Amino acid sequence: MCPNSTTQRLASFGFWLKALEHFLIANMNTTSQNSWQNFQKYYVDFPSIELALDFSRMGLDQAFLTKMAKPMQKAFAAMKALEGGAIANPDERRMVGHYWLRNAAKAPNPQIRAEIEGTRKRIKAFAKAIHAGKVKGSGGKFKNILIIGIGGSALGPQFVSNALSNPNQDKVQAFFLDNTDPDGIQRVLQTIGKELSQTLAIVISKSGGTKETRNGMLEAKAAYEAIGLKFAKHAVAITGEGS
């Protein structure tokens with residue numbers, strides 16, 4: 001290769017590299033300015049509930065917000081109706097008010113509020129009895145809980161367990177049977193192993209007839225009975241009234 005040709009190419013490369021550098025600097029300045037303006041416009045803070053939302057990097061513009069104004073108003077109206085006790089499950093003629101569990105005062109009528117508050121008191125009393133060893137298994141104080149459910153019946157407890165658990169402080173360890181995979185069920189039961197006599201099974205089904213949950217319960221029942229334990233002495237159910 002000719003030295004002059006190499007020099008020319010390097011010079012050409014250096015020119016384009018310098019041009020690219022100038023372009024990037026100019027673009028960064030513009031982008032930085034736009035980002036700050038977008039942040040000021042699309043950052044929303046709700047101090048009363050300690051929540052902040054930053055939409056500045058989502059590519060929103062005023063045209064989109066204007067277009068979505070009516071659909072959002074419709075959504076807010078639907079949410080208000082739902083929170084007020086509107087029927088959300090037409091097949092079962094049920095309301096959907098899990099948020100009332102966080103604040104029973106928002107329940108649509110006194111009866112539901114009383115049911116929520118009463119149930120919460122019973123749950124806390126039962127948990128306290130478990131932790132104190134007043135309610136225990138054949139092998140002594142419960143060390144584990146085995147939650148048997150599917151869908152929201154398992155995902156809710158899993159979320160709470162993963163978010164709040166601390167292995168150094170937890171009074172019980174949580175295990176889950178959340179599907180009908182035979183290998184998965186056996187893996188969980190084998191992990192619990194000899195501590196099954198100190199494991200409380202919690203079977204969760206709103207209707208009381210969920211087939212997948214029933215299958216998991218029967219597998220757990222067989223495991224307890226295989227080592228001479230009475231399943232009913234180590235299990236509780238969470239279900240709807242009258243199920």
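Structural data are supplied above this passage.
Residues numbered from 1 in each chain as written. Predicted model: local features only at pLDDT ≥ 70, side-chain atom pairs only at ≥ 80, totals over all residues. Heavy atoms only, no water.

**Topic: the layout of surface pockets**
Here is step 1 of the chain: One number sums up the size of the second largest pocket: a volume of about 390 Å³.
Here is step 2 of the chain: If you go around the second largest pocket, you meet 14 residues; those closest to its centre are Leu-53, Phe-55, Leu-65, Met-72 and Phe-76.
Here is step 3 of the chain: The set of elements that each furnish at least two residues to the lining of the second largest pocket consists of helix 1 (3-42), strand 1 (43-46), strand 2 (51-54) and helix 2 (62-83).
Here is step 4 of the chain: At five residues, helix 2 tops the list of elements feeding residues into the lining of the second largest pocket. (1 Å grid on protein atoms, 1.4 Å probe; cavity = no way out; pocket = protein on both sides within 12 Å on 5 of 7 lines; lining within 4 Å. Points joined across faces, edges and corners; volume = space filled by probe spheres on them. Helix = DSSP H or I, 4+ residues; strand = E, 2+ residues; numbered from the N terminus.)

**Examining the environment of Ala-107**
Here is step 1 of the chain: You can see Ala-107 is positioned in the loop between strand 4 (94-95) and helix 3 (110-132).
Here is step 2 of the chain: Owing to a relative accessible area of 14%, Ala-107 belongs among the buried residues under this scheme.
Here is step 3 of the chain: Placed 10 residues apart in sequence, Ala-107 and Gly-97 show a C-alpha to C-alpha distance of 7.7 Å.
Here is step 4 of the chain: When near neighbours in sequence (up to four residues on either side) are disregarded, Ala-107 contacts Trp-100, Ile-112 and Arg-113. (Buried < 20%, exposed > 50% of the residue type's maximum accessible area, 1.4 Å probe, protein only. Contact = heavy atoms within 4.5 Å.)

**Let's talk about the pairing of strand 8 (residues 235-238)**
Here is step 1 of the chain: Bridge count for strand 7 (residues 199-204) against strand 8 is four bridges, and the pairing is parallel. Bridging across to strand 8, Ile-204 finds its partner in Ile-238.
Here is step 2 of the chain: Regarding the hand of the β-α-β motif, the stretch spanning strand 7, helix 6 (residues 211-226) and strand 8 is right-handed. (Pairing = 2+ DSSP bridges. Right-handed = clockwise from strand over helix to strand, strands pointing away.)

**Things to note about empty space enclosed by the protein**
Here is step 1 of the chain: All chains considered together, the criterion is met by one cavity of 30 Å³ or more.
Here is step 2 of the chain: Approximately 30 Å³ is the volume found for the largest cavity.
Here is step 3 of the chain: Ile-148, Gly-149, Ile-150, Leu-177, Asp-178, Asn-179, Glu-212, Thr-213 and Gly-216 together form the lining of the largest cavity.
Here is step 4 of the chain: Ranked by the residues each element gives to the lining of the largest cavity, the list is headed by helix 6, at three residues.
Here is step 5 of the chain: Grouping the constituent residues of the lining of the largest cavity by class yields three nonpolar, four polar and two charged. (Nonpolar A, V, L, I, M, F, W, Y, C, P; charged D, E, K, R; others polar.)

**Here we look at the side chain of Asn-144**
Here is step 1 of the chain: Mapped onto the secondary structure, Asn-144 falls in strand 5 (residues 144-148).
Here is step 2 of the chain: Among the polar contacts listed, one links the side chain of Asn-144 to the side chain of Glu-195, at a separation of 3.0 Å.
Here is step 3 of the chain: Look past the residues within four positions of Asn-144 in its chain and what remains in contact with it is Val-172, Gln-173, Phe-175, Ile-192, Glu-195, Gln-198, Thr-199 and Leu-200. (Polar contact = N/O pair within 3.5 Å; in protein donor to acceptor, adjacent residues only side chain to side chain.)

**Comments concerning helix 3**
Here is step 1 of the chain: The terminal C-alpha atoms of helix 3 lie 33 Å apart, and with 23 residues this matches the ideal 33 Å at 1.5 Å per residue to within 8%.
Here is step 2 of the chain: Among the residues of helix 3, those classed as buried are Ile-112, Ile-116, Ala-129 and Ile-130.
Here is step 3 of the chain: Its buried side turned inward, helix 3 meets strand 4 and strand 7.
Here is step 4 of the chain: Within two residues after helix 3, Gly-133 carries a phi angle of roughly 85°, on the positive side. (Expected span 1.5 Å × (residues − 1).)

**Here's the deal with helix 5 (residues 182-192)**
Here is step 1 of the chain: Those residues of helix 5 that fall on the buried side of the exposure criterion are Gly-184, Ile-185, Val-188, Leu-189 and Ile-192. Viewed along the axis of helix 5, the buried residues span an arc of 130°, placing them on a single side of the element. Across helix 5 from its buried face, at more than 90 degrees, point the exposed residues Pro-182, Asp-183, Arg-187, Gln-190 and Thr-191.
Here is step 2 of the chain: Contact partners of the buried residues in helix 5: strand 5, strand 6 (173-177), strand 7 and helix 6. (Arc of directions from axis to C-beta.)

**Topic: the nonpolar core**
Here is step 1 of the chain: Formed by 16 residues in total, the largest nonpolar core has its most connected members in Leu-146, Ile-148 and Leu-177.
Here is step 2 of the chain: Contributions of two or more residues to this core are made by strand 5, strand 6, helix 5, strand 7 and helix 6.
Here is step 3 of the chain: The residues contacting Leu-177, other than those within four sequence positions of it, are Leu-146, Ile-147, Ile-148, Gly-149, Ile-185, Val-188, Gly-216 and Ala-220.
Here is step 4 of the chain: Counting residues in each nonpolar core, the second largest holds eight residues, with Phe-142, Phe-176, Ile-202 and Ile-204 among its members. (Core = buried A, V, L, I, M, F, W, Y, C linked by side-chain atoms within 4.5 Å.)

**Things to note about a nonpolar patch on the surface**
Here is step 1 of the chain: A cluster of nonpolar side chains, contributed by Val-44, Phe-46, Ile-49, Leu-51 and Leu-53, occupies part of the molecular surface with about 380 Å² of accessible area.
Here is step 2 of the chain: Sorting the residues of the nonpolar patch by element identifies strand 1 and strand 2 as the ones contributing at least two each.
Here is step 3 of the chain: Mapped onto the fold, Ile-49 is located in the loop between strand 1 and strand 2.
Here is step 4 of the chain: Given the relative accessible area of 56%, Ile-49 is considered exposed. (Patch = residues over 30% accessible without salt bridge, like charges linked within 9 Å, V, L, I, M, F, W, Y side chains within 5 Å. Areas by Shrake-Rupley, 256 points an atom, 1.4 Å probe, with all protein chains shown as cover. Salt bridge = Lys/Arg side-chain N within 4 Å of Asp/Glu carboxyl O.)

**With respect to the pairing of strand 5**
Here is step 1 of the chain: Counting buried residues along strand 5, five of its five residues qualify, which places the element largely inside the surrounding structure.
Here is step 2 of the chain: Of the two faces of strand 5, the one holding Asn-144, Leu-146 and Ile-148 and the one holding Ile-145 and Ile-147 are both buried throughout.
Here is step 3 of the chain: As paired elements, strand 5 and strand 6 share five bridges and run parallel to each other. Note that in strand 6 the partner of Ile-148 across the bridge is Leu-177.
Here is step 4 of the chain: A crossover links strand 5 with its parallel partner strand 6, the connecting element being helix 4 (residues 152-164), and its sense is right-handed.
Here is step 5 of the chain: Pairing of strand 5 with strand 7 involves five bridges; the strand directions are parallel.

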